[in-house]
Amino acid sequence: IETASGEQLDQKVREVGIERNAATPATGVATFLREEEPQTNYIIQRGTPITTANGEVTFTTTESGSLQFISGFENTSLASAWSGDTTSFAPTTTKADRGSQSVEVAASSGVQLFRTDYTVAEGDTLRASVFLPANGGVGIRFGVVDGTQYHAVSVDSGAGTLSLIRSDGTESSLDSTGIQVPNGTWLTVEIATETTGEVDVRLLDGSGDSLASVSDPDVSLQGPGVGIDRRDGTPGKYVDTPCTPAT
């Protein structure tokens, strides 16, 4: 048996009452990203070929998908697309992770931006870049209905925490972990929502390495929207390029 192959192997295993399984195509899930975050929506067509790094195996996508660009804050007017405290957020060229601008959050705790014209559904992944000072926190919202009903990921360099939060008018913590949050550098908040209801959150450094993670096994998204909020009054916080990669 050790040296048999093909039909000879089939005959050998039949002698001991074993039937070899027929070959079946390999399947899996592929996530499409760009080295630069998208500045527009990109459609991944069904039938797109994907080749392994060594070039030996090629797969084909069986469904279409899209990299959904939400905002790079290159437009100086927020009020035309966003709701909430639009005057407390300002597009600026002071800091930018992608493009030439990000949005700076005013030094007032509790201010928020949100929009519901983009759908982040269960099964999608939302990413956003955040830049924090030594003592400050910012929230990336998802599942947004309005200014009081949402889920959020809070990154707080002052408290040293990464937290997953739900609000039905009053915020409650679903999961939280302690972390020494790097400050003065761009980080990525990655929020992966599953069709099973699970939400997995990672905080990534500039190299894409995971610094910390939080999760909840049963999160029912309240709405389709996305948003940003300020967790305290410390100045010097920026957010850039929220988008959803294609899976």
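Below you will find a few notes about this structure. All values derive from a computational prediction rather than experimental measurement.

## Side note on the overall build of the chain
Within the chain, the regular secondary structure consists of one helix and 18 strands. A sequence separation of at least 24 residues applies to 61% of the contacts in the chain between residues at least 6 apart. Looking at the chain as shown, the accessible area adds up to about 12,500 Å², and 44% of this sits on carbon and sulfur atoms.

## So, the pairing of strand S17 (residues 225-230)
Of all six residues making up S17, six are buried, and the element is well covered by its neighbours. Note that strand S8 (residues 112-115) and S17 share four bridges and pair antiparallel. The residue bridging Gln112 from the neighbouring strand is Asp229, located in S17. In this sheet, S17 lies alongside strand S10 (residues 137-144) in antiparallel orientation, the contact comprising six bridges.

## What about the pattern of salt bridges?
On inspection of all chains with the given rule, the structure shows eleven salt bridges. We note a salt bridge from Asp168 to Arg166, for which the minimum N-O separation is 3.0 Å. On the accessibility criterion, Arg166 (23% relative accessible area) is partly exposed. One continuous salt-bridge network, built from bridges that share partners, spans Arg141, Glu171, Asp229 and Arg231.

## Here's the deal with the packing of aromatic side chains
Summed over the entire model, instances satisfying the criterion amount to three aromatic pairs. Aromatic side chains Phe131 and Tyr238 sit 5.8 Å apart centroid to centroid with 75° between the ring planes, which places their arrangement in the edge-to-face category. One end of the pair, Phe131, is in strand S9 (residues 125-131); the other, Tyr238, is in strand S18 (residues 237-244), with 107 residues separating them in the sequence. Each member of the aromatic cluster is reached from another via a ring pair, and the members are Phe131, Trp186 and Tyr238. For the cation-ring pair, Arg115 lies above Trp82, with the distance from its terminal atom to the ring centre recorded as 5.1 Å.

The rules we used
Residues numbered from 1 in each chain as written. Predicted model: local features only at pLDDT ≥ 70, side-chain atom pairs only at ≥ 80, totals over all residues. Heavy atoms only, no water. Helix = DSSP H or I, 4+ residues; strand = E, 2+ residues; numbered from the N terminus. Contact = heavy atoms within 4.5 Å. Areas by Shrake-Rupley, 256 points an atom, 1.4 Å probe, with all protein chains shown as cover. Buried < 20%, exposed > 50% of the residue type's maximum accessible area, 1.4 Å probe, protein only. Pairing = 2+ DSSP bridges. Salt bridge = Lys/Arg side-chain N within 4 Å of Asp/Glu carboxyl O. Phe/Tyr/Trp six-rings, centres within 6.5 Å; stacked < 30°, edge-to-face > 60°. Lys NZ or Arg CZ within 6 Å of the ring centre and 35° of its normal.

Structural measurements only, silent on function.
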